[in-house]
Amino acid sequence: QVQLVESGGGLVQPGGSLRLSCAASGFTFSSYAMSWVRQAPGKGLEWVSDINSGGGSTYYADSVKGRFTISRDNAKNTLYLQMNSLKPEDTAVYYCAKGQVILEVWGQGTLVTVSS
């Protein structure tokens, strides 16, 4: 079955960095665009970034542009989100999802907390 498993979340100080990973299985990873979406405590879902199947086209929300980088390794069936210059407002559960615009399958999420 299709499965997405995120990892790499944790507690980081403002200005710090984290790299999230999303391990995919159960489908042909290299054939699908992938997305990152986050949900801050008490708030709704916010799209963060997405990447096309080949990795050559990437898109970012204005709130993370210039600080976050999405990438993928199709040989390893893994999606990444490099997060630099983290801010307290980046605190959220981060989900990876299969697809772009229409998100078919979601992972369980990984919590990122940015706090001093």
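How each quantity is defined
- Residues numbered from 1 in each chain as written.
- Predicted model: local features only at pLDDT ≥ 70, side-chain atom pairs only at ≥ 80, totals over all residues.
- Heavy atoms only, no water.
- Helix = DSSP H or I, 4+ residues; strand = E, 2+ residues; numbered from the N terminus.
- Contact = heavy atoms within 4.5 Å.
- Buried < 20%, exposed > 50% of the residue type's maximum accessible area, 1.4 Å probe, protein only.
- Pairing = 2+ DSSP bridges.
- Axes fitted to C-alpha atoms, helices over the stretch in contact; angles between N-to-C directions.

### Overview of the environment of F27
Consideration 1: Here F27 lies in the loop between β3 (18–25) and β4 (34–39).
Consideration 2: When the C-alpha positions of F27 and V2 are compared, they lie 6.0 Å apart, and in sequence the two are 25 residues distant.
Consideration 3: Among residues more than four places away in sequence, those in contact with F27 are V2, L4, Y32, M34 and K98.

### A few points about the pairing of strand β1 (residues 3–7)
Consideration 1: Residue alternation in β1 divides its side chains into a buried set, L4 and E6, and an unburied set, Q3, V5 and S7.
Consideration 2: One ladder, built from five bridges, connects β1 with β3; its direction is antiparallel. The residue of β3 that forms the bridge with Q3 is S25.

### Quick look at the sheet that holds β1
Consideration 1: Spatially, four strands are ordered β1-β3-β8-β7 in an open sheet, and the strand pairing comes out antiparallel. The open sheet terminates on both sides in strands that have one partner only, identified here as β1 and β7 (68–73). Put simply, the sheet's adjacent strands are angled 15 degrees from each other on average, direction ignored.
Consideration 2: In the sheet, β3 pairs with strand β8 (residues 78–83) via six bridges, with the strands oriented antiparallel. When the sheet's bridge partners are listed, L18 is paired in β8 with M83.

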